[in-house]
Amino acid sequence: MIAEKVLFLVLDGISDRPCEALNGQTPLSAARTPVLDRLAAEGVCGIMDTVAPGIRPGSDTSHLALLGYPPQDYYTGRGPLEAEGTSIHMTAGMIGFRCNFATVGGDGLITDRRAGRISGTGPLSEAIREGVDLSALGVGFRFESGAGHRAALALTGEGLGDAVSSNDPKKEGARPLTIQACSDDPADEKTARACNEFIRQSAEILARHPLNAQRLEEGLPPANLLLIRGAGKMGAFPPFQERYGLSGSVISAATLISGIGKVVGLEHIPVPGTTGSVDSDLDAKVKATLGELERKDFVLMNIKGADEAGHDGKAIEKRDFIEVIDAALEPLLALSDTLIVICADHSTPCSVRDHSADPVPVVIRGPGVRVDPTVRFDEVSCAQGGLNRIRGCDIMPIILDLINKSHKYGA
Ligand SMILES: O=C(O)[C@@H](CO)OP(=O)(O)O
Ligand SMILES: [Mg+2]
């Protein structure tokens with residue numbers, strides 16, 4: 001039997017390094033994961049450098065690589081991808097940015113890059129849309145909330161460049177930076193001016209917003225500053241369906257991933273109750289994925305919460321959420337005619353609180369797979385598996401070969 005459908009599940013940032021809080025185990029190896037282990041036992045396992053050995057990937061570059069769009073050829077910055085994951089559609093001349101709602105103290109130092117992992121920022125974004133005016137600079141904008149503390153900005157207007165820096169120092173306890181043009185090009189200078197003005201005006205609006213007054217009353221960090229990064233224009237992506245002959249959908253609460261899916265031509269299927277965090281409704285997500293597999297050849301599904309726990313340095317929370325994921329994946333065991341591919345997009349070690357280049361575990365289970373002796377889905381067990389060590393850009397060719405859709409190289 002040959003599989004006709006492909007479920008590609010990315011467990012965002014699930015892999016890790018040994019954690020002190022877990023007696024030297026990783027959250028994945030410490031977690032009880034009967035479903036993932038059974039898939040490992042019935043499949044072929046390996047480890048994967050999603051971009052290349054020693055390269056610490058963003059979720060943007062890693063997902064592009066996993067879908068077979070090498071970032072060195074296709075990546076034009078995170079901003080436009082994140083914007084497309086919201087309701088913003090990036091057209092020629094627009095410059096996209098990823099934004100964080102963050103907290104800055106009275107002394108001007110950032111106290112939380114994610115404003116206490118705020119959610120429900122819709123009213124803040126609405127106030128920014130209504131109140132910020134960049135017309136004196138000849139610039140318009142779109143601004144939309146994403147999942148959690150995330151948002152996307154797109155600048156519109158004549159003569160805007162995308163070679164600008166970020167105001168995000170990437171750490172707490174530092175001052176927000178001034179956005180600079182990275183060249184003498186007046187277009188980059190215009191964008192840098194517009195960004196700094198956007199940040200200034202939005203901070204004034206956020207400072208007097210009732211939602212922040214309420215957060216202060218509740219002892220929560222206010223979302224009183226926007227951190228802006230990942231400037232870019234939209235790239236050109238050959239459609240997934242033309243490239244692989246597969247129709248596809250993307251199921252992800254994280255706007256970056258739904259944006260990447262959309263720009264390569266996957267249909268984005270929103271699932272109510274999913275949040276991109278550890279409180280997400282994973283049963284609803286799995287149900288929606290199974291439904292999509294009835295209609296489409298390929299479904300990309302992303303579960304984000306373990307990555308957030310890694311960024312927050314919470315090893316026990318990460319382990320516990322991995323167990324929640326595992327329980328939610330139980331219905332996948334019944335998919336006998338589907339190729340199931342499960343991996344991470346990068347490691348997010350709790351000790352690093354950011355992504356690392358440590359290779360990620362991968363399992364492929366389904367018809368035609370040469371089952372190897374690995375019986376556990378974790379970083380070390382998978383390293384013994386039959387896929388050995390591959391790169392992210394190898395995974396689509398391997399999938400296509402297993403479903404008999406690869407092109408012969410040679411005559
Ligand atoms: O979006 C996220 O989850 C992370 C990393 O991709 O970004 P940040 O550190 O700004 O929260
Ligand atoms: Mg990621």
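The name that an unreviewed UniProt entry assigns to the chain is 2,3-bisphosphoglycerate-independent phosphoglycerate mutase, with the source organism given as Methanoculleus bourgensis. A UniProt comment under Pathway (unreviewed entry) is attached to the chain, and it reads "Carbohydrate degradation; glycolysis; pyruvate from D-glyceraldehyde 3-phosphate: step 3/5." Listed in UniProt under the heading Function (unreviewed entry), the comment for the chain reads: "Catalyzes the interconversion of 2-phosphoglycerate and 3-phosphoglycerate."

### Comments concerning the sheet that holds strand E9 (residues 267–268)
Sheet architecture is open: eight strands sit in the order E9-E8-E10-E1-E11-E12-E2-E13, paired in mixed fashion. Across the chains shown, the open sheet's two edge strands, defined by having one partner strand only, are E9 and strand E13 (388–391). Here strand E2 (residues 44–49) runs beside strand E12 (residues 360–365); their pairing, made up of five bridges, is antiparallel. Each residue of the ladder has a partner; that of isoleucine 47, found in E12, is proline 361.

### Comments concerning the nonpolar core
Within the largest apolar cluster, 78 residues are counted, with the highest numbers of intra-cluster contacts made by Phe8, Phe240, Phe298 and Ile395. Counting residues per element, this core draws most heavily on strand E1 (residues 5–11), at six residues. Excluding residues within four positions of it along the chain, phenylalanine 8 makes contact with Leu66, Phe298, Val299, Leu300, Met301, Val341, Cys343, Ile395, Met396 and Ile399.

### With respect to the site of ligand 1
Every residue near ligand 1 is listed here: Arg78, Arg98, Asn100, Arg113, Arg114, His149, Arg150, Arg229, Lys304, Asp307, His311 and His355. Within the side chain of arginine 113, a nitrogen or oxygen atom sits 2.8 Å from an oxygen atom of ligand 1. In this structure, an oxygen atom belonging to ligand 1 sits 2.8 Å away from a side-chain N or O atom of arginine 150. Within the complex, the protein chains bury 97% of what would otherwise be the 310 Å² of accessible surface of ligand 1. Residue composition of the shell around ligand 1, grouped by class: no nonpolar, four polar and eight charged. Both of domain 1 (5–74 + 237–402) and domain 2 (83–232) provide at least three residues apiece to the shell around ligand 1.

### Re helix H2 (residues 34–41)
Along H2, the residues classified as buried are Val35, Leu36, Asp37, Leu39 and Ala40. Looking at the buried residues of H2, the elements they touch are E1, E2, helix H13 (315–328), strand E11 (338–343) and E12.

### Some remarks on the coordination of the magnesium ion (ligand 2)
Around the magnesium ion (ligand 2), the protein contributes the donor atoms Asp12 (OD), Ser59 (OG), Asp345 (OD) and His346 (NE2), which lie 2.0 to 2.1 Å from the metal centre. Each donor residue of the magnesium ion (ligand 2) lies on the same chain, and together they follow the pattern D-x46-S-x285-D-H. Taken together, the residues span a long stretch of sequence, with serine 59 in helix H3 (residues 59–66) and aspartate 345 in the loop between E11 and E12 at a distance of 286 residues. Residue classification places serine 59 among the buried positions, given a relative accessible area of 2%.

### Let's talk about the environment of leucine 282
As for its placement among the helices and strands, leucine 282 is situated in helix H11 (residues 282–295). Along the chain, leucine 282 and alanine 327 lie 45 residues apart, while their C-alpha atoms are 9.3 Å from each other. Apart from the residues lying within four places of it in its own chain, the contact partners of leucine 282 are Ile303, Phe321, Val324, Ile325 and Ala328.

### Quick word on the domain arrangement of the chain
What the domain assignment lists for the chain is domain 1 (5–74 + 237–402) and domain 2 (83–232). Measuring from the centre of the C-alpha atoms in domain 1 to the corresponding centre in domain 2 gives 30 Å. At the interface, eleven residues of domain 1 touch eight residues of domain 2. The largest contributions to the domain 1 side of the interface with domain 2 come from Thr255, Lys262 and Glu308, which together make up 47% of the buried area. The interface formed by domain 1 and domain 2 contains four salt bridges. Among the salt bridges present, the one from aspartate 312 reaches arginine 117, with a minimum N-O distance of 2.8 Å. Linking domain 1 with domain 2 are five residue pairs in polar contact (both at pLDDT 80 or more), by the criterion used here. Classifying every residue of the side of domain 1 that touches domain 2 gives two nonpolar, five polar and four charged.

### Digging into the pattern of salt bridges
One pass over the full model with this rule turns up 27 salt bridges. Salt-bridge contacts for arginine 38 lead to glutamate 42; the nearest nitrogen and oxygen are separated by 2.7 Å. For arginine 38, a relative accessible area of 41% translates into the label partly exposed. Taken together, the shared-partner salt bridges in this structure form one network comprising Arg114, Arg117, Arg150, Glu308 and Asp312.

### Looking at the UniProt feature "domain: Metalloenzyme" (unreviewed entry) in the chain
UniProt marks residues 5–401 with the feature "domain: Metalloenzyme" (unreviewed entry), using the numbering shown here. In residues 5–401, the share of helix is 33% and the share of strand is 19%. The end C-alpha atoms are 13 Å apart.

Cut-offs and rules
Residues numbered from 1 in each chain as written. Chains lettered and ligands numbered in written order. Predicted model: local features only at pLDDT ≥ 70, side-chain atom pairs only at ≥ 80, totals over all residues. Heavy atoms only, no water. UniProt positions renumbered as here; feature names shortened; annotations may be inferred. Pairing = 2+ DSSP bridges. Helix = DSSP H or I, 4+ residues; strand = E, 2+ residues; numbered from the N terminus. Core = buried A, V, L, I, M, F, W, Y, C linked by side-chain atoms within 4.5 Å. Buried < 20%, exposed > 50% of the residue type's maximum accessible area, 1.4 Å probe, protein only. Contact = heavy atoms within 4.5 Å. Near = heavy atom within 4 Å. Polar contact = N/O pair within 3.5 Å; in protein donor to acceptor, adjacent residues only side chain to side chain. Areas by Shrake-Rupley, 256 points an atom, 1.4 Å probe, with all protein chains shown as cover. Nonpolar A, V, L, I, M, F, W, Y, C, P; charged D, E, K, R; others polar. Domains from an automatic or database assignment. Donors = N, O, S within 2.8 Å, 3.2 Å for Na, K, Ca; no water. Buried area = accessible area lost by both parts, 1.4 Å probe. Salt bridge = Lys/Arg side-chain N within 4 Å of Asp/Glu carboxyl O.

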